[in-house]
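# Survey of secondary and tertiary structure
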Amino acid sequence: MEFTPLVEDKNSRARTGLLKTDHGEIRTPIFMPVGTVGSVKGVYHRDLKEDVKAEIILGNTYHLYLRPGLEILNKAGGLHRFENWDRPILTDSGGFQVFSLTGIRKITEEGCTFQSHIDGSRHTFTPENNVTTQRMIGADICMAFDECCPGDADHAYAEKSLALTQRWLARYAKAFHESEPLYGYEQTFFPIIQGCVYPDLRIKAAEHALEYADAGIAIGGLAVGEPTEKMYEMIELLDPVIPRSKARYLMGVGTPANILEAISRGVDMFDCVMPTRNGRNGMLFTWNGILNMRNEKWKDDFSPLDPAGTSFVDSTYSKAYLRHLFIAGEMFAAMIASEHNLAFYLDVVRQARLHIEQGDFTAWKEDAVKRITTRL
RNA sequence: GUGAGAUUAGUUCAGUUGGUAGAGCACCAGAUUGUGGUUCUGGGUGUCGUGGGUUCGAGCCCCACAUCUCACC
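Residues numbered from 1 in each chain as written. Chains lettered and ligands numbered in written order. Predicted model: local features only at pLDDT ≥ 70, side-chain atom pairs only at ≥ 80, totals over all residues. Heavy atoms only, no water.

## Observations concerning the overall build of chain A
Secondary structure assignment for chain A yields 15 helices and 17 strands. For 376 residues, the compact-globule formula gives about 21 Å, and the C-alpha radius of gyration of chain A, at 20 Å, lands near that figure. When the backbone C-alpha atoms are referred to their principal axes, chain A occupies close to 60 × 50 × 40 Å. Looking at chain A residue by residue over its 376 residues, the buried ones come to 58%. Taking the intrachain contacts of chain A between residues at least 6 apart in sequence as the baseline, contacts between residues at least 24 apart amount to 69%. Split by element, the accessible area of chain A, about 15,100 Å² in all, is 52% carbon and sulfur. (Helix = DSSP H or I, 4+ residues; strand = E, 2+ residues; numbered from the N terminus. Rg over C-alpha atoms; globule rule 2.2 N^0.38 Å. Buried < 20%, exposed > 50% of the residue type's maximum accessible area, 1.4 Å probe, protein only. Contact = heavy atoms within 4.5 Å. Areas by Shrake-Rupley, 256 points an atom, 1.4 Å probe, with all protein chains shown as cover.)

Dropping the structure here:
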């Protein structure tokens, strides 16, 4: 797999780039819709490609391992064929799920033992079997198995956690290089930089992770409870440490404004559940600001959902209609909102690329952030 | 027609010896960052069926009426 930086912004650390995979090229900066269990919830693949214009989507190792399970995925010929998605896929290792399963999991040197949230059955993820699992799923980009350290952890805990993540990374890399892709196309993996909000740990983590980085590297353990400013500080701190030749993936982030701020600090790739999960609950992100579609004030507003939007739902349906669907509990509401939000997120990164190419990214970003954070 | 029970928030219902009402859901508003189709936080939105009476004071006691449910002619 190959990452090629293209245009550098003069006034910030933003840049455009191209990530080449056997399932097609990804233009960066990019946002990757989350499709945890093999579906970007509520959006047809057709719309994901043609309307949202997604270039890559995510899957989740933890969820797919539990359901439908490796046997089915392997029989299907991998996740691409199973869900019939022919563009690139990235799978998270399940490290974050393990982190959020506090109470029904136990972390040891060997790996992590946890109980299924579905039936309570016990399972163990190790760096080695996580590679096997992600080989069976067949993602183009696999994520290393890490321990996601809480944003409010003290230095001692964060240091201990990082040391474990680093030992797991070495084992993961070894297993990855000693195994082969199962479905005839290339797979790569991104190591993950942890270290919580502590500069010394983050630098150490980055230097170590870089030893294992191929096309890209991920920044993990952010947007997990620490102040947003801390997150930006950590990205700025890491920027000079990571070579420009590596794609940088900020995991789990974030709001459209978070994404633009991170782009200006040199980040290339993003994923977040926010456009879909918050969309399902009535929150719409637009160039004019943020709307809560459940609000009573939209009940007789028959204007288009988002006049500036690129999705067909934006001009097809009105605010009053979508509010009605939300209040009525119609699944169609979640579908429309998800499609709109994803199309908007992809438009945000597309506009960012355009303005980096035009050389006016910084000025454009300052104005855009003000607009998109307005509460309507 | 007779008898019994019921009538309190949008709804289903609590409401102590009489001291101007409260819960679930709904609704209204806010949160949500490597997804458990969620979860969390805040808000009570009321002519206590109507009209009288007793009482310092009535959702509660008394009378009449209205409406509903059930049972029996």
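## Side note on the confidence of the model for chain A
Taken residue by residue, chain A gives an average pLDDT of 95. The fraction at 70 or more is 99%. Of the two predicted TM-score estimates for the complex, the pTM is 0.95 and the ipTM is 0.84. (pLDDT = per-residue confidence, 0-100.)

## Details of the protein's contact with RNA strand B
Neighbouring RNA strand B are 39 residues, the closest being His63, Gln97, Cys148, Val273 and Thr276. Measuring from a base nitrogen of RNA strand B, one finds a backbone N or O atom of His117 at 3.4 Å. Residue Arg323 places a side-chain N or O atom 2.9 Å away from a phosphate oxygen belonging to RNA strand B. If you list the elements that add at least two residues to the surface near RNA strand B, you get α5 (95-100), α11 (274-280), α13 (319-327) and α14 (331-358). (Near = heavy atom within 4 Å. Polar contact = N/O pair within 3.5 Å; in protein donor to acceptor, adjacent residues only side chain to side chain.)

## Here we look at the sheet that holds strand β12 (residues 192-193)
The strand order β4-β15-β14-β13-β12 describes an open sheet built from five strands, whose pairing is parallel. The two strands at the open ends of the sheet, each matched to only one other strand, are β4 (30-32) and β12. (Pairing = 2+ DSSP bridges.)

## Topic: the domain arrangement of chain A
The assigned domain composition of chain A is domain 1 (2-271) and domain 2 (279-372). Spacing between the C-alpha centres of domain 1 and domain 2 amounts to 26 Å. If you look at the interface, domain 1 gives 34 residues, while domain 2 gives 28 residues. Contact between domain 1 and domain 2 buries roughly 2,600 Å² in total, counting both sides, with carbon and sulfur atoms accounting for 69%. Its largest share of buried area at the contact with domain 2, domain 1 owes to Asp51, Pro256 and Leu260, together 25% of the area lost on that side. Inspection of the domain 1/domain 2 interface yields two salt bridges. (Domains from an automatic or database assignment. Buried area = accessible area lost by both parts, 1.4 Å probe. Salt bridge = Lys/Arg side-chain N within 4 Å of Asp/Glu carboxyl O.)

## Here's the deal with the nonpolar core
In terms of nonpolar packing, the biggest core is built from 103 residues, with Tyr249, Ile263 and Met269 touching the most fellow members. Residue contributions to this core reach at least three from each of two domains, namely domain 1 (2-271) and domain 2 (279-372). Counting 13 residues, the second largest nonpolar core, distinct from the first, contains Trp298, Leu305, Phe326 and Ala333. (Core = buried A, V, L, I, M, F, W, Y, C linked by side-chain atoms within 4.5 Å.)

## Overview of the packing of helix α6 (residues 127-137) against helix α7 (residues 155-177)
Relative to each other, α6 and α7 sit at 45°, their axes nearing to 8 Å. On the basis of the axis angle, α6 is oblique to α7. Classified by chirality, the crossing of α7 by α6 is right-handed. Contacts between α6 and α7 involve Pro127, Glu128, Asn130, Val131, Gln134 and Arg135 on the former and, on the latter, Trp168, Arg171, Tyr172, Ala175 and Phe176. Per-class residue counts for the contact of α6 with α7 are six nonpolar, two polar and three charged. (Axes fitted to C-alpha atoms, helices over the stretch in contact; angles between N-to-C directions. Parallel < 35°, antiparallel > 145°, perpendicular 65-115°, else oblique. Left-handed = near helix turned anticlockwise from the far one by under 90°. Nonpolar A, V, L, I, M, F, W, Y, C, P; charged D, E, K, R; others polar.)

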